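As a plain string of letters, each chain reads:
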Amino acid sequence: MTMSEASDAPTIHKGLAGVVVDTTAISKVVPETNSLTYRGYAVQDLAERCSFEQVAHLLWHGELPTVAELAVLAQRERASRRIDRSTQALLQRIPETCHPMDVVRTAISYLGAEDPDEDVSSPAANVEKSLRMFAVLPTIVAADMRRRRGLDPIAPHHGLGYCENFLNMCFGEVPDPVIVRAFEKSMVLYAEHSFNASTFAARVVTSTQSDTYSAVTAAIGALKGSLHGGANEAVMYDMIEIDRPERARTWLNAKLDAKDKVMGFGHRVYKNGDSRVPTMKQALLDVSELTGYSRWCEIYIELEAAMAERTGIKPNLDFPTGPTYHLMGFDIASFTPIFVMSRITGWTAHIMEQVAANALIRPLSQYSGPPQRAVGQVC
Ligand SMILES: CC(=O)SCCNC(=O)CCNC(=O)[C@H](O)C(C)(C)COP(=O)(O)OP(=O)(O)OC[C@H]1O[C@@H](n2cnc3c(N)ncnc32)[C@H](O)[C@@H]1OP(=O)(O)O
Ligand SMILES: O=C([O-])CC(=O)C(=O)O
C-alpha cells in the first residue's frame with residue numbers, strides 16, 4: 001500500500017498484483033519476452049539437458065553441480081528416501097477420503113515435529129532439511145497413491161535416479177524412457193517460479209523466524225488451491241467432462257458464458273503465454289504418441305484454439321501437464337502432490353534466501369468496517 005500524492009487515500013494493490021516486494025537471485029520471469037530463467041539459465045534448456053537433481057543443486061547452491069557435487073547430492077538423496085515407522089503409521093491413519101495434498105501437508109508437518117534440529121536455521125541445516133524433504137516426498141506421494149488403490153507401498157530402489165525411482169515406487173516398474181524423460185521435464189519446469197503464491201507463503205512464514213517445515217507446510221496449503229497448483233488436476237477433470245474433441249468448443253462457450261474460469265489458462269505474470277508450455281506440450285505429444293492415445297491431445301488443441309479465439313488467453317503449464325500425468329498413469333488427485341515434489345526445490349531455495357536477508361513481511365490494509373463504537377450491553 002502506498003499513499004497517493006493527491007490525497008491520504010491509500011492505493012490498494014488487490015492481490016499484490018504488480019507489487020515488487022523484494023529481490024531474488026533464484027529465478028527471473030520476463031513476461032514481455034516469455035522468458036523464465038533459473039539462476040540465469042533458460043528453463044527450456046535446463047529441461048532438455050539437465051536432470052532434476054542437477055536443477056535442485058542449481059536452485060539451492062546457485063550453480064549447476066560438478067560431477068563430484070552431483071554424486072554427493074545423489075548419494076545423500078538416495079540415503080534419505082525411506083520413511084520411518086512412525087511416519088508410515090501416521091500416513092496409514094489419515095483417512096483415504098481426504099485429498100492427497102492433505103497427506104503431503106501432514107507428513108511434512110510431522111517430519112518437522114520429528115526433527116531435533118527443526119528450529120536450527122543455519123545455511124547447512126536448511127540445506128539438510130531441504131534435501132530430506134526432497135528425498136522423502138516421492139516415497140510419501142507414491143505410497144499414498146498405492147494405498148488408495150489398495151496396494152502395498154514399494155520401497156525406494158537405491159540403484160535408480162530420482163525420477164525412475166519415483167515411477168518405480170508408483171507403478172512397480174520403470175516405464176519407457178520417453179515417459180521417464182517427459183516426467184523429468186515436468187519436474188524441472190515446475191521447480192521454481194519467483195514470488196508465486198505458495199513461495200510467497202513460505203517466505204512470509206520464514207520472515208517471522210519460524211522453521212523451514214512450517215514454511216513448507218504453509219506453501220503446500222497455498223499450492224493446493226485450484227487457482228494455483230490445483231489447476232493441473234482441474235484441467236484433467238475438465239477434459240474428462242469434455243470427453244470428445246468435437247464437444248470442446250461448446251463446453252468452453254458454456255463455461256465462459258457462465259463467467260467461470262477455465263482451468264489451465266491465464267497467469268498472473270504471463271499475459272502472452274507461459275514460457276514453459278511449448279516444452280511440456282511436446283512432452284504431452286511424445287507420451288501420447290508412445291501410448292497411442294491421442295484423445296487428450298485433440299481436446300487440448302481444440303480448447304487452446306477456441307480459448308484463443310474467444311478470449312486471447314493462453315494456456316499455463318498446468319494445461320499440458322494434467323493430461324500428460326494422466327497418460328502416464330497417475331491418479332488425478334496425485335497431480336498436485338507431484339507438483340509439490342518439484343516445487344519443494346524452489347520453495348526451500350527461497351526460504352534460504354529469505355533467512356539470509358530477512359525482513360518481517362507485514363503489509364498494511366485499509367480498514368473498511370464499521371466506525372469505532374461502544375460495546376454497550378452484551379448478552
Ligand atoms: C502453476 C500455476 O499456478 S499457473 C496458474 C494456474 N491456475 C489456473 O489455471 C486457474 C485459471 N486461471 C485463473 O484463474 C487466472 O488466470 C489466474 C488466477 C491464474 C491469474 O489471474 P489474475 O492475474 O488475477 O487475472 P484475472 O483473474 O484478473 O484475469 C484477468 C481477466 O482475464 C480473465 N481470465 C483470466 N484467466 C481466465 C481463465 N482461466 N478463464 C477465463 N477467464 C480468465 C478474467 O476473468 C479477467 O477478465 P475480466 O477483466 O473481464 O474480469
Ligand atoms: O507464478 C505463479 O503465479 C504461479 C506459479 O507458481 C507458476 O506459474 O509456476
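Residues numbered from 1 in each chain as written. Chains lettered and ligands numbered in written order. Predicted model: local features only at pLDDT ≥ 70, side-chain atom pairs only at ≥ 80, totals over all residues. Heavy atoms only, no water.

An unreviewed UniProt entry lists the chain under the name Citrate synthase, with Gordonia hankookensis given as the organism. Quoted verbatim from the Sequence similarities (unreviewed entry) field of UniProt, the annotation for the chain is "Belongs to the citrate synthase family." In the Pathway (unreviewed entry) part of its UniProt record, the chain is described as follows: "Carbohydrate metabolism; tricarboxylic acid cycle." (UniProt positions renumbered as here; feature names shortened; annotations may be inferred.)

A.B. asks: Tell me about the sheet that holds strand β4 (residues 35–38), residues and numbers included.
C.D. replies: Spatial strand order, β3-β4-β5: 3 strands in an open sheet with antiparallel pairing. Of all the strands in the sheet, just β3 (27–30) and β5 (41–42) have a single pairing partner and so form its edges. Sheet topology places β4 next to β5; 2 bridges connect them, and they run antiparallel. Along β5, the bridge assignment pairs Thr37 with Ala42. (Pairing = 2+ DSSP bridges. Helix = DSSP H or I, 4+ residues; strand = E, 2+ residues; numbered from the N terminus.)

A.B. asks: Can you lay out helix α10 (residues 212–224) for me, pointing to particular residues and giving the numbers?
C.D. replies: End to end, α10 covers 18 Å across 13 residues, agreeing with the expected 18 Å (1.5 Å per residue, within 8%). Along α10, the positions that sit buried rather than exposed are Thr212, Tyr213, Ala215, Val216, Thr217, Ala219, Ile220 and Leu223. Those residues of α10 that are buried are in contact with α5 (100–114), α6 (123–148), α9 (197–207) and α16 (335–356). Among the residues of α10, the N-terminal cap falls to Asp211, whose side-chain oxygen and the backbone nitrogen of Tyr213 are separated by 3.0 Å. (Expected span 1.5 Å × (residues − 1). Buried < 20%, exposed > 50% of the residue type's maximum accessible area, 1.4 Å probe, protein only. Contact = heavy atoms within 4.5 Å. Polar contact = N/O pair within 3.5 Å; in protein donor to acceptor, adjacent residues only side chain to side chain.)

A.B. asks: Hey, could you go over unusual backbone geometry for me, with residue numbers and the actual values?
C.D. replies: You will see that Ser194, though not glycine, has its phi angle at about 45°, which is positive. A positive phi angle, near 65°, is found at Lys259, a position not held by glycine. Along the chain, the position of Lys259 falls in the loop between α12 (248–257) and α13 (277–291). According to the relative accessible area criterion, Lys259 is exposed, its value standing at 76%.

A.B. asks: So what about the pattern of salt bridges? Which residues, and what values?
C.D. replies: Tallied over the entire structure, the rule returns 21 salt bridges. For Glu302, the salt bridge identified is with Arg249, shortest N-O distance 3.4 Å. Within this pair, whereas Glu302 is found in helix α14 (residues 295–311), its partner Arg249 is found in helix α12, the two being separated by 53 residues in sequence. Judged by its relative accessible area of 28%, Glu302 falls in the partly exposed class. Its relative accessible area of 31% is what places Arg249 among the partly exposed residues. Of the charged contacts, one joins Arg249 and Glu309 as a salt bridge, the two residues approaching to 3.0 Å between their closest N and O atoms. Pair noted here: Arg249 is in helix α12 and Glu309 is in helix α14, with a separation of 60 residues, a long-range link. For Glu309, a relative accessible area of 60% gives the class exposed. Residues joined in a network through salt bridges with shared partners are Asp243, Arg244, Glu246 and Arg295. (Salt bridge = Lys/Arg side-chain N within 4 Å of Asp/Glu carboxyl O.)

A.B. asks: Give me the lowdown on the site of ligand 1, citing residues and values where you can.
C.D. replies: Among the 20 residues in the neighbourhood of ligand 1, the closest are listed as Leu227, His228, Val262, Gly264 and Phe265. Lys261 is positioned with one of its side-chain polar atoms (N or O) 3.1 Å from an oxygen atom of ligand 1. Between Arg268 and ligand 1, the recorded distance is 2.9 Å, taken from a side-chain N or O atom to an oxygen atom. Protein burial of ligand 1: of its 900 Å² of free accessible surface, 65% is covered by the chains. In terms of residue class, the shell around ligand 1 is built from 9 nonpolar, 6 polar and 5 charged. (Near = heavy atom within 4 Å. Areas by Shrake-Rupley, 256 points an atom, 1.4 Å probe, with all protein chains shown as cover. Nonpolar A, V, L, I, M, F, W, Y, C, P; charged D, E, K, R; others polar.)

A.B. asks: Kindly report on the pairing of β4, identifying the contributing residues and their values.
C.D. replies: Pairing between β3 and β4: 4 bridges, direction antiparallel. If you follow Lys28 over to β4, its bridge partner there is Thr37. Counting the residues that bridge the hairpin from β3 to β4 gives 4 residues, and of these Asn34 lies at a positive phi of roughly 55°. In sequence, β4 turns back onto β5 through a hairpin of 2 residues, with Arg39 there showing a positive phi of about 50°.

A.B. asks: Outline the site of ligand 2, supporting the account with residue identities and numerical values.
C.D. replies: Taken together, His193, Asn196, His228, His267, Arg276 and Arg343 form the complete shell of residues around ligand 2. A distance of 2.6 Å separates an oxygen atom of ligand 2 from a polar atom in the side chain of Arg343. Look at ligand 2: alone it shows 270 Å² of surface, and the protein chains cover 83% of it. In the shell around ligand 2, the residues fall into no nonpolar, 4 polar and 2 charged.

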